Number of protein chains: 2
Amino acid sequence: MSDLSPFEFRIHSRDGRARTAHFATPHGTVQTPMFMPVGTQGSVKGISADELLEIKSQMILGNTYHLMLRPGAEMVAAHGGLPGFTAYPGPFLTDSGGFQVMSLGHMRKITEEGVVFKSHLDGSPIHLTPERSIEVQQLLGADVMMAFDECPPFPAEERYIKASLERTVRWLERCLTFKTRDDQALFAIVQGGIHPHLRQQSLDATLPFSTPGFAIGGLAVGESKEEMFLAVAFTAQRLPENKPRYLMGVGHPEDLVAGIALGVDMFDCVYPTRTGRFGYALTDDGRINMNSAAPRQQLIPIDADCDCYACTHHTRAYLAHLVKAEEMLAPRLLSLHNLRYLHRLVERARAAIEAGEFQAWATEWGERYFKRPSNADGSAQALPEWFARAVRGEG
Amino acid sequence: MSDLSPFEFRIHSRDGRARTAHFATPHGTVQTPMFMPVGTQGSVKGISADELLEIKSQMILGNTYHLMLRPGAEMVAAHGGLPGFTAYPGPFLTDSGGFQVMSLGHMRKITEEGVVFKSHLDGSPIHLTPERSIEVQQLLGADVMMAFDECPPFPAEERYIKASLERTVRWLERCLTFKTRDDQALFAIVQGGIHPHLRQQSLDATLPFSTPGFAIGGLAVGESKEEMFLAVAFTAQRLPENKPRYLMGVGHPEDLVAGIALGVDMFDCVYPTRTGRFGYALTDDGRINMNSAAPRQQLIPIDADCDCYACTHHTRAYLAHLVKAEEMLAPRLLSLHNLRYLHRLVERARAAIEAGEFQAWATEWGERYFKRPSNADGSAQALPEWFARAVRGEG
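Conventions we followed
Residues numbered from 1 in each chain as written. Chains lettered and ligands numbered in written order. Predicted model: local features only at pLDDT ≥ 70, side-chain atom pairs only at ≥ 80, totals over all residues. Heavy atoms only, no water. UniProt positions renumbered as here; feature names shortened; annotations may be inferred. Least-squares fit on C-alpha atoms with pLDDT ≥ 70 in both. Contact = heavy atoms within 4.5 Å. Salt bridge = Lys/Arg side-chain N within 4 Å of Asp/Glu carboxyl O. Helix = DSSP H or I, 4+ residues; strand = E, 2+ residues; numbered from the N terminus. Buried < 20%, exposed > 50% of the residue type's maximum accessible area, 1.4 Å probe, protein only. Pairing = 2+ DSSP bridges. Buried area = accessible area lost by both parts, 1.4 Å probe. Nonpolar A, V, L, I, M, F, W, Y, C, P; charged D, E, K, R; others polar. Expected span 1.5 Å × (residues − 1). Lys, Arg positive; Asp, Glu negative; His and termini not counted. Polar contact = N/O pair within 3.5 Å; in protein donor to acceptor, adjacent residues only side chain to side chain.

An unreviewed UniProt entry lists chain A under the name Queuine tRNA-ribosyltransferase, with Deinococcus detaillensis as the source organism. Recorded in UniProt for chain A, the comment headed Catalytic activity (unreviewed entry) runs: "7-aminomethyl-7-carbaguanine + guanosine(34) in tRNA = 7-aminomethyl-7-carbaguanosine(34) in tRNA + guanine". The UniProt entry for chain A carries this comment under Sequence similarities (unreviewed entry): "Belongs to the queuine tRNA-ribosyltransferase family."

This is how it looks when you write it as structure tokens:
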């Protein structure tokens, strides 16, 4: 795919609303759909840069809020940006800091100018504006930067969401005006909560900026799966066909399958590493609790089909022993497996799309994952309605 | 070295009292002097089996006390012993459990039969005898097992040390009588604290058993470096020339250099991984405190001469950031570096011995490590007396 221009997104195949594509960045071309591991503080928790390559990670997410506070964007820039700082040689994406200001910042105050908040580290006052967010993201040097937006809490009044999304559009304009580097793409973010008319308003105001990609923001903040995927379905199909669509902060395995069905191309979430640190292992049969008694007796890998280091070297009994003994190797190996599980999941989804069998594959995967046995007459029990609807490509 | 018989120890070269050798085990031939990483609970904390191979670890130590309590020796045996359980394919050495009973067991009671103590995990009463220690060690399947001994506390009365070492000899006889597997060697342990006449008594009673190797036990428990290395010097030179000598629970970098000078072949210690978890990095210039401010500004590796993953991929600034941010990758990478540092240290010592330059190399290393600049007239300031004496091969 060396014939792609920078930030070109070329669709390779379609199956219903799902699609596979290549997306070109200065640090390499990635295949979508893809899941992006989260390296909040310049490290995907417990995982080395070489391991990220080994498990076929493609793009890593860095958090602007955390990195600007510590070690400071200038220190990352002194290393030549995130690839030099972290030793991961592939593409990065940085968020704008907006979401973390909402979730972690204390005493925050939002004005038209931007946000003032107290650092969660030392309480010092921090100003974050669209301009400062871009300045920091340019220092961090990620291939993809995100526009500085406000992600309203859930639930929020419609009036608030409307005012917020309108301000987010004005902030987008300021971000684009301030941005100087042409080796970095800036993605706009569509807001609007779970309200179709507000999503539509955000789309109408955002799409004219024609950024190289668009994110669906403001979800996975407390709404139900039904609400979330209705909003995803509504928004994704109104985004340009020839640009990547990024569902921010999602997801769990079932969210990836449902999101891909609805035409989403990019995902990120701390879930695989966080649940790994808590002792859980992701599989097609659901999540294994390695803290429980059963795995401590099982001389089989977590997942016989998985090619990760943990699955090709260790038994559940060994890994469950490490969890019980509180050995550091346990969260490390479970995080590695869980990341590889999500990467393999999207690889399988891509193969199914290219074979024109995505809906059948996703349904079969769901039947097993949600543990829906067949009825007595041989017919399958119903999958969760939101999942079944998404897999059918319905909003 | 495929012509060696099992547990044969063949000396390759000598320089003063220091020597290099090959030692054959069923899981491969190792080169001595060597440092053995400690995998207390079936894992060298934070480090994968593949990484142990990558940093050229040769033999890994497992703790009988911890493994018999959790997951239980039978579970390790069900994996085919420690190599199958941990996925480290090379040789292992297990201790006897005696030392941990002293340091971790509650309410212990020592009789001629053995030791009764309460588990540090759940308070349940555990009986450990020479026979049970060997039974467990045979289930763990290490290439080298250690005789069940008592390691008296420091300081202890001479009368107590004498009674204890005499019982340790009787226990050694019971271990050897009980042992059945001929693919495992059993090393005897010489006790006697820091008292030459008690060391001599222990040597006189222990050497006739002609085990394939001998350990110097009962040190690094609170005595001074002077006292420790006088005891090492006294004991090592009275051990058979053609058998490996193992200084248990040691050491720090300076201890390895001093011990090698006195003819020690094997070392183990939790120090490199423990100090790594606390944020310290070992170098020829001493220990770098990565929690301090200076390394956070240094865009250089911990050690430019080191070939470990941390030193070939990351700056001090990045690693110090991870320490400050309490990222799991920090203890992992610092532990890896520290283990590799000790492995490289013994590799350099071996090269110096084979070149007939050990004393000069060790002196130069010590001058730098202990930061002894030259005097105004160009003569070197004195190294610590215990170190200088050991390097000269003096007791």
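From this point, the discussion proceeds with the structure in view.
A. Fine view of the relation of the copies chain B and chain A. With an axial shift of 0.0 Å and an RMSD of 0.0 Å, the rotation relating chain B to chain A amounts to 180°. Look at the turn and shift together and you get a two-fold axis relating the two. Considering only C-alpha atoms, the part of chain B nearest the rotation axis is M328 of chain B, at 4.1 Å. Interface overlap between copies: 100% of the residues of chain B at the interface are likewise at the interface in chain A, consistent with a symmetric, same-surface contact.

B. Broad picture of the pattern of salt bridges. All names here are of chain A. Scanning all chains against the criterion turns up 54 salt bridges over all chains. Close ionic contact of E112 with R170 constitutes a salt bridge, the shortest N to O distance being 2.7 Å. Taken together, the positions of E112 in the loop between β8 (106-110) and β9 (115-118) and R170 in helix α7 (residues 158-178) put the pair 58 residues apart, joining distant regions of the chain. Overall, E112 belongs to the partly exposed group, its relative accessible area being 38%. The salt bridge involving R348 is made with D284; its shortest N-O contact spans 2.8 Å.

C. Structural context of the pairing of strand β3 (residues 28-32) of chain A. In the sheet, strand β2 (residues 18-25) of chain A pairs with β3 of chain A via 5 bridges, with the strands oriented antiparallel. Bridge pairing in β3 of chain A places T25 of chain A opposite G28 of chain A.

D. Structural detail: the environment of I300 of chain A. Residues and elements named next belong to chain A. Within the secondary structure, I300 sits in the loop between β17 (286-289) and α12 (309-313). A residue is classified by how much of its surface remains accessible, and I300, at 43% relative accessible area, is partly exposed. Once the C-alpha coordinates of I300 and Y318 are considered, the two residues, 18 residues apart in sequence, prove to be 9.5 Å apart. Aside from chain neighbours lying at most four places away, what touches I300 is T315 and R316.

E. Spotlight on the interface of chain B and chain A. Chain B puts 38 residues into the contact, and the matching count from chain A is 38 residues. Of the roughly 3200 Å² buried at the junction of chain B and chain A (both faces included), carbon and sulfur atoms supply 59%. Where chain B touches chain A, the interface holds 4 salt bridges. Among the salt bridges present, the one from R332 of chain B reaches E51 of chain A, with a minimum N-O distance of 2.8 Å. Broken down by element, the side of chain B that touches chain A gets its largest block of residues, 5 residues, from helix α13 (residues 316-324) of chain B. The residue inventory of the side of chain B that touches chain A, partitioned by class, reads 17 nonpolar, 12 polar and 9 charged.

F. Geometry of helix α15 (residues 358-369) of chain A. Residue and element names in this part refer to chain A. For α15, which comprises 12 residues, the first-to-last C-alpha distance of 16 Å matches the rise-based estimate of 16 Å (1.5 Å per residue) to within 8%. Considered for burial, the residues of α15 that qualify are F358, W361, A362, W365, G366, E367 and Y369. Positive backbone phi, at 55°, marks K371, one or two positions downstream of α15.

G. Structural view of the side chain of R350 of chain A. All names here are of chain A. Of note, R350 is situated in helix α14 (residues 329-354). Within the buried set, R350 has no salt-bridge partner at all; the shortest N-O distance to an opposite charge, 4.8 Å, is to E347. A polar side-chain atom of R350 sits 2.9 Å from the main-chain carbonyl oxygen of P33. In contact with R350, not counting residues within four places along its chain, are T20, Q31, T32, P33 and Q58.

H. Summary view of the UniProt feature "binding site: substrate" (unreviewed entry) in chain A. All names here are of chain A. Residues annotated by UniProt as "binding site: substrate" (unreviewed entry) correspond here to D95, S96, G97, G98, F99, D149, Q191 and G218. Position of G98 relative to the elements: it lies in helix α5 (residues 98-104). Of the residues examined, G98 reaches a relative accessible area of 0% and is grouped as buried. Sequence-distant contacts of G98, that is, excluding residues within four places in its chain, are made with F148 and D149. With respect to the secondary-structure elements, G218 resides in the loop between β13 (214-216) and α9 (225-236). Given the relative accessible area of 16%, G218 is considered buried. Excluding residues that lie within four positions of it along the chain, G218 makes contacts with C151, Q191 and R199.

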